[in-house]
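Structure assessment
One letter stands for each residue in the lines below.
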Amino acid sequence: MLDLIVRGANLPDGRTGIDIGIVDGRIVELRPRLDAAGRREIDARGRLVTPPFVDSHFHLDATLSIGRPRYNESGTLLEGIAIWAEQKPSLSAHDVRDRALELCRWAIARGNLAIRTHVDICDDRLTAVDALLDVRRTMAPYIDLQLVAFPQDGFLRDPHARANLLRALERGVDVVGGIPHFERSMADGAESVRELCEIAADRGLRVDMHCDETDDPLSRHVETLAAETIRLGLQGRVTGSHLTSMHSMDNYYVSKLMALMHEARLHVVANPLANIVLQGRHDTYPKRRGMTRVRELTQIGVNVSYGHDSVMDPWYGLGSHDMLEVAHMAVHVGQLTGRDDMREAFAAVTTRGALTLGLTDYGLAVGKRADLVVLQAADPIDAIRLRSNRLAVIRRGTVIAESPAVESRVFIGEHTIAVDFSTSGDAAREPELATINA
Ligand SMILES: [Zn+2]
């Protein structure tokens, strides 16, 4: 007797009619027509079953703080940083914890079971660090949180940032962050990248820097980041987040840069929602989109994943932590509308995110942790098109969130016709998720 069987699943790789058997929180069977019984069975009826969504880049300390103490009227990155600086002295651990916990609940409901969150260490009290370490512990049974020590006010520019960053790492923050484009000069930015990579190498930690988050075609910090990665033997453990300047760079230079990034096995995180609203703010017309070169990087074999970055904070006033909304925006901003492009966008919020975070126990395969999401969609393209409903969210073999199937009723003459906008065949006509032996 298995603990749980999910039957009749479509998988993201195109396989259909797959049954997934789970024992002790792990996948033990993954094949068609599994001849076994489960204590609980979920009939997916030809709907997409995916490993959970992964948010590769977020800010849990600032989330849900919109309007405190004022709104970002210019919409720029710099006004956002200024508003956050005004808010920071009044942060309490209780407040950060409550907002982060609420966002985690939203994430779980959306099937996002791993988040890499940056936490601002430019606060001598380390209020947000302690609060998010507490949230990481509290929520560990439900969601994987990875914390990045983020020197928001500049690692060299803020005189206390180095000491605070080291204290944060000692308290258990996982990853070394940075923000070289916010240092006082290009030279200071490069120096901050060098020093931060050395701190990570000395401690065996990963690196994830906000890097070149500008429209300046001459911002060159990702080059330094890749070179330092190779110098210190950190290949595969370093992430460049945003890289929006690559959108504006000279094409010859970028062709050389991308080869270096590939050699360094750099991970790249694009944040399509933030990028499309924050970049190009100094342009009149035409206005640049600002998202990094997702298609070209992916084509040469660089791992590109997506982050939500913000939900209702000084930088981005919308959102509900829906990674399908992120993928949907990426498809539009990057003109990634080919069938393979869209499947790749789905991977960028699932499997590619897991690669960025270094999650080794993740994926749809025998032996992996039984973390799954049943979507009200037929396949990854359908899921992005609809930003589809999450029917069931499963963590270690246990359902930890569910939503009823969404359908509308259309009255045509004497007929009542149910529509759910999905292409998932029979499932569209039988929208209830069957749960037997529950
Ligand atoms: Zn960010």
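For the structure itself, look to the data block above.
Structural notes, computed from the coordinates. (Residues numbered from 1 in each chain as written. Predicted model: local features only at pLDDT ≥ 70, side-chain atom pairs only at ≥ 80, totals over all residues. Heavy atoms only, no water.)

Details of the packing of aromatic side chains
Geometrically, a pair of aromatic rings is defined through the distance of the ring centres and the angle of the planes. Scanning all chains against the criterion turns up two aromatic pairs. Taking the centre distance of 5.8 Å and the plane angle of 75° together, the rings of Phe53 and Phe346 count as edge-to-face. Highlighted residues: Phe53 in strand β5 (residues 53–58) and Phe346 in helix α11 (residues 339–348), separated in sequence by 293 residues. Owing to a relative accessible area of 0%, Phe53 belongs among the buried residues under this scheme. Phe346 gets classed as buried once you look at its relative accessible area, which sits at 2%. Relative to Trp315, the ring of Trp84 has its centre 6.4 Å away and its plane inclined at 50°; by these criteria the two rings are tilted. With Trp84 in helix α1 (residues 77–87) and Trp315 in the loop between β12 (303–306) and α10 (323–333), the pair connects residues that are 231 residues apart, well separated along the chain. The side chain of Arg157 reaches across the aromatic face of Phe182, ending 4.3 Å from its centre. One residue, Arg220, lies across the ring of Tyr253, its end atom 3.7 Å from the ring centre. (Phe/Tyr/Trp six-rings, centres within 6.5 Å; stacked < 30°, edge-to-face > 60°. Helix = DSSP H or I, 4+ residues; strand = E, 2+ residues; numbered from the N terminus. Buried < 20%, exposed > 50% of the residue type's maximum accessible area, 1.4 Å probe, protein only. Lys NZ or Arg CZ within 6 Å of the ring centre and 35° of its normal.)

Here we look at the coordination of the zinc ion
On the protein side, the zinc ion has His57 (NE2), His59 (NE2), His210 (NE2) and Asp309 (OD) as donor atoms, found 2.1 to 2.6 Å from it. Counting along the primary sequence, the residues that act as donors to the zinc ion give the motif H-x1-H-x150-H-x98-D. One end of the pair, His59, is in the loop between β5 and α1; the other, Asp309, is in the loop between β12 and α10, and 250 residues separate them in sequence. (Donors = N, O, S within 2.8 Å, 3.2 Å for Na, K, Ca; no water.)

Some points on the packing of helix α2 (residues 93–109) against helix α3 (residues 127–139)
Viewed as axis vectors pointing N to C, α2 and α3 meet at an angle of 40°, and their least axial separation amounts to 9 Å. Taken together, the axis directions place α2 and α3 in an arrangement best described as oblique. Here α2 runs over α3; the crossing is right-handed. Contacts between α2 and α3 involve Ala93, Val96, Arg97, Ala100, Leu101, Cys104 and Ile108 from the first element and Thr127, Ala128, Ala131, Leu132, Asp134, Val135, Thr138 and Met139 from the second. Across the contact of α2 with α3, the residue classes break down as 11 nonpolar, two polar and two charged. (Axes fitted to C-alpha atoms, helices over the stretch in contact; angles between N-to-C directions. Parallel < 35°, antiparallel > 145°, perpendicular 65-115°, else oblique. Left-handed = near helix turned anticlockwise from the far one by under 90°. Contact = heavy atoms within 4.5 Å. Nonpolar A, V, L, I, M, F, W, Y, C, P; charged D, E, K, R; others polar.)

Focus: the sheet that holds β12
Pairing is parallel across the open sheet formed by eight strands, whose spatial order is β5-β6-β7-β8-β9-β10-β11-β12. Each edge of the open sheet is held by one strand with a lone partner, namely β5 and β12. Sheet topology note: the strand β7 (residues 144–150)/strand β8 (residues 175–176) ladder contains two bridges and is parallel. Looking across to β8, one finds that Ala149 is bridged to Val176. Across the sheet, α3 is in contact with β6 (112–120) and β7; its angle to β6 comes to roughly 165°. (Pairing = 2+ DSSP bridges.)

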